[in-house]
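Summary of the model geometry
Read off the chains here:
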Amino acid sequence: MTLLCTGAAGYIGSHTALTLLEQTDARLIIIDDLRTGFMENIALLQRGFGDRVEFVEMDFGDRNALETLFSRVQIDGVVHFGASLIVGESVQKPLSYYHNNVANVIALLEACARFGVKYFIFSSTAAVYGEPDSALIPVREDAPLAPINPYGTSKMMVELILQDIARISPLRYVALRYFNVAGASMKNTPELLSRGLGLGQRSKNATHLIKVALECAVGKRNGMSIFGEDYDTSDGTCIRDYIHIDDLAAAHVSALDFLRENGESAVFNVGYNHGYSVKEVIQVVKEISGVDFPVAMAARRAGDPAMLIASNQKLKRHTNWQPKFDDLRTIVRSAYEFECSLRS
Ligand code: UFG
């Protein structure tokens, strides 16, 4: 089968593409405009899997380019990673987020409808839940959707669009609501890392907690801030469910199996059922790196909910997905080793 992977030059897309190549016989067509993605990631995939990976540099919302591509190749399924994804930035630039995360996805879905694509796997987010009632945590998929930032709203909108499309067409979808994804490929070996051939999170302007803390540990930043310590949590800082990137990637293979076997659509959380505070995460980064970098207290960041923890029971019940790297130290260590390799 041929899968179109949008945005797979990025962090989550590239790790998932690697897992799809390893665990299925699919041929991948990767499209990415390289605004936030990295050609290095594509090169690594092509190096390992040759002509099972085709790369086309384009915007996933470009109707003409989509028409040309879909006319040329029969695409069985789309795995849609391409998106703008920074919560704080979405509060500042809502129109840009709705344009990229909704309007452009409509163009992609129109191409899917015209060319009879059967399967669509959508990168959704825990941000669709907004600030869930504490009685509802770990949050289940049937909890109310009440996003508190444009990023979460944009992802919720596409989930609703997919629901409507699946009612009247053969397209079946799985929306995976990612929690806080972190870490680097467990396939990275010291040898690969030393040759700059590791897969991990490359970011031009990192904002995510573990990445920012690691950049402090390796000396790329002088220090960092904790955004708010007056939340109603055990130590006053926000709690998130951090999931290892390889477990998240594996959830896409499970989603594909689900679509092929069941002929129905579904929404699944992807997380570990437990969380860590910002302070706990920073402490683990300091322990693993052995560097005690400066950490300042700062005001709350707009759009941040106090606590987000996934119930992963539905995914476990309906698919064969089993987490393998549910351990904060494993997540941080893999990311730290990758971060060190970026320096050299
Ligand atoms: N944080 C800091 N200092 C920093 C960076 C982050 O204190 O320098 C805090 C944030 O305020 C937040 C927590 O660390 O409380 C996690 O923040 P991230 O930016 O790492 O991640 P978010 O929780 O904001 O968002 C991520 C994804 C979203 C997804 C969400 C789901 O980017 O796509 O997780 O939980 F929706």
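See above for the structure.
Cut-offs applied
Residues numbered from 1 in each chain as written. Predicted model: local features only at pLDDT ≥ 70, side-chain atom pairs only at ≥ 80, totals over all residues. Heavy atoms only, no water. Core = buried A, V, L, I, M, F, W, Y, C linked by side-chain atoms within 4.5 Å. Buried < 20%, exposed > 50% of the residue type's maximum accessible area, 1.4 Å probe, protein only. Helix = DSSP H or I, 4+ residues; strand = E, 2+ residues; numbered from the N terminus. Contact = heavy atoms within 4.5 Å. 1 Å grid on protein atoms, 1.4 Å probe; cavity = no way out; pocket = protein on both sides within 12 Å on 5 of 7 lines; lining within 4 Å. Points joined across faces, edges and corners; volume = space filled by probe spheres on them. Nonpolar A, V, L, I, M, F, W, Y, C, P; charged D, E, K, R; others polar. Near = heavy atom within 4 Å. Polar contact = N/O pair within 3.5 Å; in protein donor to acceptor, adjacent residues only side chain to side chain. Areas by Shrake-Rupley, 256 points an atom, 1.4 Å probe, with all protein chains shown as cover.

Section: the nonpolar core
- Ranked by internal contacts, the top residues of the largest apolar core, which has 72 residues, are Ile30, Leu176 and Ile210.
- When residues of this core are assigned to their parent elements, the largest contribution, eight residues, is made by helix H9 (residues 245-262).
- Every residue in contact with leucine 176, bar those within four places of it in the chain, is listed here: Ile121, Phe122, Ser123, Ser124, Thr125, Ala251, His252, Ala255, Phe268 and Val270.
- Listed in part, the 29 residues of the second largest apolar core include Met58, Ile75, Leu108 and Leu171.

Description of the layout of surface pockets
- Computed from the structure, the second largest pocket encloses a volume of approximately 320 Å³.
- Where the lining of the second largest pocket is concerned, the elements lending two or more residues are helix H1 (11-23) and H9.
- Tallying contributions element by element places H9 first for the lining of the second largest pocket, with six residues.
- Partitioned by chemical class, the residues of the lining of the second largest pocket number six nonpolar, six polar and six charged.

Let's talk about unusual backbone geometry
- Across the junction of isoleucine 137 and proline 138, the peptide omega takes the value 0°, indicating a cis bond.
- When you line up the elements, proline 138 lands in the loop between strand S5 (119-125) and helix H6 (150-168).
- One non-glycine residue with positive phi stands out, namely leucine 34, at about 60°.
- The topology assignment puts leucine 34 in the loop between strand S2 (27-32) and helix H2 (39-49).
- In this model, asparagine 273 sits at a positive phi of 75°, which is unusual for a non-glycine residue.
- Counting through the fold element by element, asparagine 273 comes out in the loop between strand S11 (266-270) and strand S12 (276-277).
- A relative accessible area of 27% places asparagine 273 in the partly exposed class.

Focus: the site of the ligand
- Lining the immediate environment of the ligand, one finds 22 residues, of which Thr125, Asn180, His208, Arg240 and Asp304 sit closest.
- Between the ligand and asparagine 180 there is a distance of 2.4 Å, counted from an oxygen atom to a side-chain nitrogen or oxygen.
- Leucine 209 places a polar main-chain atom, nitrogen or oxygen, 2.8 Å from an oxygen atom of the ligand.
- If the ligand stood free it would expose 680 Å²; the protein chains cover 93% of that surface.
- For the shell around the ligand, the elements supplying multiple residues, two or more each, are helix H8 (209-217) and strand S8 (224-227).
- For the shell around the ligand, the element with the highest residue contribution is S8, accounting for four residues.

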